[in-house]
Amino acid sequence: MAKRKLFKNIANGILGSFVSRNNDVNGYWGIGKLYSLMINKNKYEVEIDLIKQTISPNKNEFNSMIQYFSNKLSSQMLQKNLKKSFLKEAKIILIGYPNNKTLSLGRTVPNKIKCSITIVDDLEKQYNLEKDIRCRKHNPKLEIKRG
């Protein structure tokens, strides 16, 4: 019988992959693109629902990224023999802190984003993890597009 506590491992893997440089949106770092979304919408909180495959505030540019992480969640559950019925909620929340400079990184990456993931099982147990990431607004003139 699968143990629901494995959701903690799944959450760790998804969050680690989400904040990595390999998470790209149209060839650019996903976190930088999400920070640009925050600035453009003047809303410094983004919520990604991995079950419903939605993002708020909405922008279709992120659909493939959301689908990728939703599929990653499903495949990890399958790999660990966790039933779909065990999963009630799975969300990634990003909160931006503009101009939250540190002395060593202030000019190159002046902004902080708190990235957290929450998975809730059918027994209402929550599995939460968070990581702080430094970033700057997406700028294609300063960035190299991934192949």
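Preceding block: the structure.
The structure contained in this document is the topic of the report that follows. None of the values given here were measured: they were computed from a predicted structure. (Residues numbered from 1 in each chain as written. Predicted model: local features only at pLDDT ≥ 70, side-chain atom pairs only at ≥ 80, totals over all residues. Heavy atoms only, no water.)

### Section: the overall build of the protein
- Helix and strand counts for the protein come out as 3 helices and 7 strands.
- In the protein, the succession of α and β elements from N to C terminus is α-β-β-α-β-β-α-β-β-β.
- Excluding contacts between residues fewer than 6 apart, the proportion of contacts in the protein whose partners are at least 24 apart in sequence is 62%.
- For the protein, the exposed surface amounts to about 8,600 Å²; the carbon and sulfur share of it is 47%. (Helix = DSSP H or I, 4+ residues; strand = E, 2+ residues; numbered from the N terminus. Contact = heavy atoms within 4.5 Å. Areas by Shrake-Rupley, 256 points an atom, 1.4 Å probe, with all protein chains shown as cover.)

### Brief notes about the side chain of Lys91
- Summarising the element assignment, Lys91 is placed in strand β5 (residues 87–97).
- For Lys91, a relative accessible area of 18% puts it in the buried group. (Buried < 20%, exposed > 50% of the residue type's maximum accessible area, 1.4 Å probe, protein only.)

### Examining the environment of Leu34
- Within the secondary structure layout, Leu34 lies in helix α2 (residues 30–41).
- Residues Leu34 and Ile113, 79 residues apart in the sequence, show an inter-C-alpha distance of 9.7 Å.

### Some thoughts on the pattern of salt bridges
- Counted according to the given criterion, the structure contains 7 salt bridges.
- As a salt-bridge pair, Asp132 and Lys112 come within 3.9 Å of each other at their nearest N and O atoms. With a gap of 20 residues between them, Asp132 in strand β7 (residues 126–135) and Lys112 in strand β6 (residues 111–121) connect regions that are remote in the sequence.
- With a shortest N-O distance of 3.7 Å, Lys114 and Glu130 are connected by a salt bridge. Of this pair, Lys114 sits in strand β6 while Glu130 sits in strand β7, and the two are 16 residues apart along the sequence.
- On the basis of relative accessibility, which here comes to 23%, the residue Lys114 falls in the partly exposed class.
- Here the residues in one salt-bridge network are Lys33, Lys59 and Glu61, joined through shared partners. (Salt bridge = Lys/Arg side-chain N within 4 Å of Asp/Glu carboxyl O.)

### Topic: the nonpolar core
- Phe18, Ile48, Leu94 and Ile119 are the most contacted members of the largest nonpolar core, which has 37 residues in total.
- The element best represented in this core is helix α1 (residues 6–19), accounting for 7 residues.
- Leave out the neighbours within four places in its chain, and Phe18 touches Asn23, Ile31, Leu34, Ile48, Met65, Phe69, Ile92 and Leu94. (Core = buried A, V, L, I, M, F, W, Y, C linked by side-chain atoms within 4.5 Å.)

### Comments concerning the pairing of β5
- Both strand β3 (residues 45–49) and β5 contribute to a ladder of 5 bridges, which runs antiparallel. By the bridge assignment for β5, Glu47 is matched with Ile93.
- Pairing of β5 with β6 involves 10 bridges; the strand directions are antiparallel. Within β6, the residue paired with Ala90 across the bridge is Ile119. (Pairing = 2+ DSSP bridges.)

### Details of the sheet that holds strand β4 (residues 54–56)
- If you trace the 5 strands from one edge of the open sheet to the other, you get β4-β3-β5-β6-β7, paired in antiparallel fashion. Pairing within the sheet leaves two strands with one partner each, and these edge strands are β4 and β7. In this sheet, adjacent strand axes meet at a mean angle of 15° when their direction is disregarded.
- Note: β6 against β7, 10 bridges, orientation antiparallel. Opposite Ile119, over in β7, you have Tyr127 as the bridge partner.
- Contacts from α1 reach β3, β5, β6 and β7, with the element oriented near 15° to β7.
- Docked against the sheet, α2 engages β3, β4, β5, β6 and β7, running at close to 75° with respect to β5. (Axes fitted to C-alpha atoms, helices over the stretch in contact; angles between N-to-C directions.)

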